[in-house]
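# Summary of the model geometry
One-letter residues, chain by chain:
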Amino acid sequence: MKVKGIKIILKIVLVLFLVWFMTYVCLTPITFKSLGFRWWVFIFLLLPFINSSIKKYSSRTGRKEVKSDFEKRFEHYMNYINFGLISLFVFIIIILVQFASTPMFNSEKHRNLITVIEGKSFEESVENIEQMIIPIVDKSYAAKLGDKKLGETKGLGSQFNTGEYSIIETAGNLYWVAPLEYQGFFKWNNKKAEGVAGYIKVSATNPNEVEFIQTKMKYVPSAFFGQDLYRHVYQKYNHELLDYTPIFEIDDEGNPYFIINTINRKINKTSGIDVSDVILVNAVNGETTKYALTEVPAWVDRNIPSQIIMDQIDHWGRLVKGWWSSITSKTEMLQVSEDFNYIYNNGDFYLMTGVTSVGSDESIVGITLTNMNTKETVLYPISGATEWAAQQSAQGVVQDLGYTASFPILVNYNGIPTYFMTLKDSEGLIKRYAYVNIENYSIVGVGSSILEAKNNYLKTLQNSNNNNLNGELVELTAAVLKIETVNVEGTTYYHILLDTVPNKVFIAQYSVSLELPFTEVGDEVTIKYFNANKPNLNIERLNNLNLSIE
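All of the points below concern the structure found in this document. Everything numeric in this text was worked out from a predicted model, so none of it was measured. (Residues numbered from 1 in each chain as written. Predicted model: local features only at pLDDT ≥ 70, side-chain atom pairs only at ≥ 80, totals over all residues. Heavy atoms only, no water.)

## Focus: the environment of Ser 449
Note the threshold: The helix count covers DSSP runs of H or I at least four residues long, the strand count covers runs of E at least two residues long, and both are numbered beginning at the N terminus.
Mapped onto the elements, Ser 449 comes out in the loop between β22 (444-447) and α12 (450-463). When the C-alpha atoms of Ser 449 and Arg 432 are compared, they prove to be 6.8 Å apart, with 17 residues separating the residues in sequence.

## Here we look at the sheet that holds strand β9 (residues 271-282)
In plain terms, the rule: Paired strands, in this sense, are two strands between which DSSP finds at least two bridges. Note on geometry: axes are lines fitted to C-alpha atoms, helical ones only across the stretch in contact, with angles between N-to-C directions running from 0 to 180 degrees. Whether two residues are in contact is decided by their heavy atoms: any pair within 4.5 Å suffices.
Pairing is antiparallel in the open sheet, where four strands are placed in the order β7-β8-β9-β10. The sheet is open, and its two borders are formed by β7 (241-250) and β10 (288-292), each paired with just one other strand. Taken pair by pair, the neighbouring strands of this sheet meet at an average axis angle of 30°, ignoring direction. Here helix α8 (residues 229-236) sits on the sheet and contacts β7, β8 (256-267), β9 and β10; the angle it forms with β7, its principal contact strand, is near 120°. Relative to the sheet, helix α9 (residues 306-318) contacts β7, β8 and β9, its axis offset from that of β9 by approximately 165°.

## Comments concerning unusual backbone geometry
Applicable threshold: Burial classes follow relative accessibility: with a 1.4 Å probe on protein chains only, a residue under 20% of its type's maximum area counts as buried, one over 50% as exposed, and anything between as partly exposed.
For Leu 27, which is not glycine, the phi dihedral falls at a positive 55°. Leu 27 gets classed as buried once you look at its relative accessible area, which sits at 11%. A positive phi is found at Lys 375, a non-glycine position, where the angle reads about 70°. In this fold, Lys 375 is placed in the loop between β15 (366-371) and β16 (377-380). Taking the relative accessible area as the measure of exposure, Lys 375 reaches 14% and is therefore buried.

## Re the packing of aromatic side chains
Threshold: Planes of paired rings set the category: under 30 degrees apart is stacked, over 60 is edge-to-face and the rest tilted, where pairs are Phe, Tyr or Trp rings (Trp by its six-membered ring) whose centres lie within 6.5 Å.
Applying the stated criterion to the full structure yields 23 aromatic pairs. Judged by centre distance (5.9 Å) and plane angle (35°), the rings of Phe 17 and Trp 20 are tilted. Placement of the pair is Phe 17 and Trp 20 together in helix α1 (residues 2-25), with a separation of three residues, close to one helical turn. Given a relative accessible area of 45%, Phe 17 falls into the partly exposed group. Residue class for Trp 20 comes out partly exposed when judged on its relative accessible area of 42%. Arranged with centres 4.9 Å apart and planes meeting at 80°, the rings of Tyr 413 and Tyr 457 form a pair that is edge-to-face. Of this pair, Tyr 413 sits in strand β19 (residues 409-413) while Tyr 457 sits in helix α12, and the two are 44 residues apart along the sequence. Under the relative-accessibility criterion, Tyr 413 is labelled buried at 1%. With relative accessibility at 0%, the residue Tyr 457 sits in the buried group.

## As for the environment of Asp 499
Residue position: Asp 499 is located in the loop between β24 (491-498) and β25 (501-509). When its relative accessible area of 37% is taken as the criterion, Asp 499 is described as partly exposed. Contacts of Asp 499, omitting those with residues within four sequence positions, involve Ala 478, Ala 479 and Leu 481.

## Let's talk about helix α6 (residues 139-152)
Convention followed: For a helix, the expected span equals 1.5 Å multiplied by the number of residues minus one.
With 14 residues, α6 extends 20 Å from end C-alpha to end C-alpha; this agrees with the ideal 20 Å at 1.5 Å per step. Those residues of α6 not exposed but buried are Tyr 141, Ala 142, Leu 145, Gly 146 and Leu 150. Buried-residue contacts for α6 involve β2 (160-162), β4 (173-182), β5 (196-203), β6 (210-217), β20 (416-424) and β21 (430-437).

## Side note on the nonpolar core
This is how it is decided: Nonpolar core, defined: a set of buried Ala, Val, Leu, Ile, Met, Phe, Trp, Tyr and Cys residues in which side-chain atoms within 4.5 Å join the residues together.
Counting residues in each nonpolar core, the largest one holds 104 residues, and the members touching the most others are Leu 180 and Val 202. The biggest single contributor to this core is β4, with seven residues. Counting 17 residues, the second largest nonpolar core, distinct from the first, contains Val 474, Leu 476, Leu 498 and Leu 542.

## A short note on the pairing of β20
Burial analysis of β20 places nine of its nine residues in the buried class, which makes it a mostly covered element. In β20, alternate side chains face the same way, and those of Ile 416, Thr 418, Phe 420, Thr 422 and Lys 424 on one face and Pro 417, Tyr 419, Met 421 and Leu 423 on the other are all buried. As paired elements, strand β18 (residues 404-405) and β20 share two bridges and run antiparallel to each other. Each bridged residue has a counterpart across the sheet, and for Ala 405 the counterpart in β20 is Leu 423. In sequence, β19 turns back onto β20 through a hairpin of two residues, with Asn 414 there showing a positive phi of about 55°.

## Structural notes on α12
Along its 14 residues, α12 runs 20 Å from first to last C-alpha, staying within 8% of the 20 Å computed at 1.5 Å per residue. Residues of α12 that are buried include every one of Leu 451, Ala 453, Lys 454, Asn 455, Tyr 457, Leu 458 and Leu 461, and no others.

## Considering the pairing of β7
Counting buried positions over the ten residues of β7 gives eight, a clear majority of the element. As paired strands, β7 and β8 are joined by seven bridges and run antiparallel to one another. If you follow Ile 247 over to β8, its bridge partner there is Ile 259. Connecting β7 to the antiparallel partner β8 that follows it, the hairpin turn spans five residues, and Gly 254 within it adopts a positive phi of roughly 85°.

Structural data, given as structure tokens:
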């Protein structure tokens, strides 16, 4: 009786250990939507058969048998055969259910996970370059600047690393932000009472603006045990499927949060991943709140992980004629670029990626923009250079300097779809800026400043007689209503209002004319400018008729 009781206790301990291992170590969601959970159920179902086989074997070896040797061997092998057949049956069922949910059998459902809108006007949907906030600091450069800032702050570089960077908008500007992360278990153990020291904040438009923000954060991905961000969220939402690719953001007051998505498998509860809800985790105190996608606070810039969007767009393009066609004839099949970028447009972040026909590696048939909050996706039928081809074209202009181009950003240059990118030296520092025409990537404008690159691009467009160039170079004589100077990146620009067109702002770099510094309100001027349907127009030439400077 005593031995029997010990055996029961050992069995209970074994089951409890497996449950603990499944939930605390593996963080397995307690839902049949999880493939991992189904495998754990399979393991638990096998336990009684294993126990039965052990008992029968023990009973035969522990007391005198009256059966013949053949009967004993037959019964012995049948126990294992039954055990093997039942295990194989359950195993096959799990595999078949998973296999039946793949694009091979559900191509239309996989393709319809995302709705791609076609027919919208690029010029009307995407802000003109004059209104657009263009990030010149990309993720890799932000990481370099952040590491430098971390090394300059006493005592931080030896304890922490910077985590994954996220681009956000706050106070009307774009920033890259990343939490500090522990360098290992012992660093965490020494600092677990207070947490990591804070986060890095890098301006996406000014590489000289890099800050270390001090705020103690206990709940980060690199922490351990209960402070581990994933385990902390799992303990409250262990019945949900969680996407463990957290996005780090800060609210309007600078408080740090991690965004973790709950996901749903929309195809037979086995495949077809899509975002369900959004969980905000306060990195300081661990407070968690779950929101539906339509109820997320306005300061959150990205509700949906980039990889989910990329996978869904890729399925939308590849499965246009079904799964079989995607591996045989590949008729009308499209594929997304290997990489993507973000643009900030009309108050929202969009994931931007090119779409090419299968087999074409240097020409796109369109560009998709996906709202990172709503997942609304629009395909703009822009034909021309892929992002990679545009990078090669920009690098070719400065090939003697050996600069490399960043991944492009889509901009609306007076109605002309254009790639913008930075050119960096071997140390990763920005040395030039470049604009590349998408439809004709031989049209390139490179400069030491953004304005110089823009002006060079305009001149190249004019010289190429580009049919898509909005407007023409025209001449106008009018009186100056107002003139103001603005300094951008050390360069002086003059903003001028004229009496005959008071609703337009004319902009000129100081180098356009020696007469600009002496031009006053009331002076009559003759200007040449590129006429376009936008509020800001660049002056190509200016002559002050009240002056006689030669």
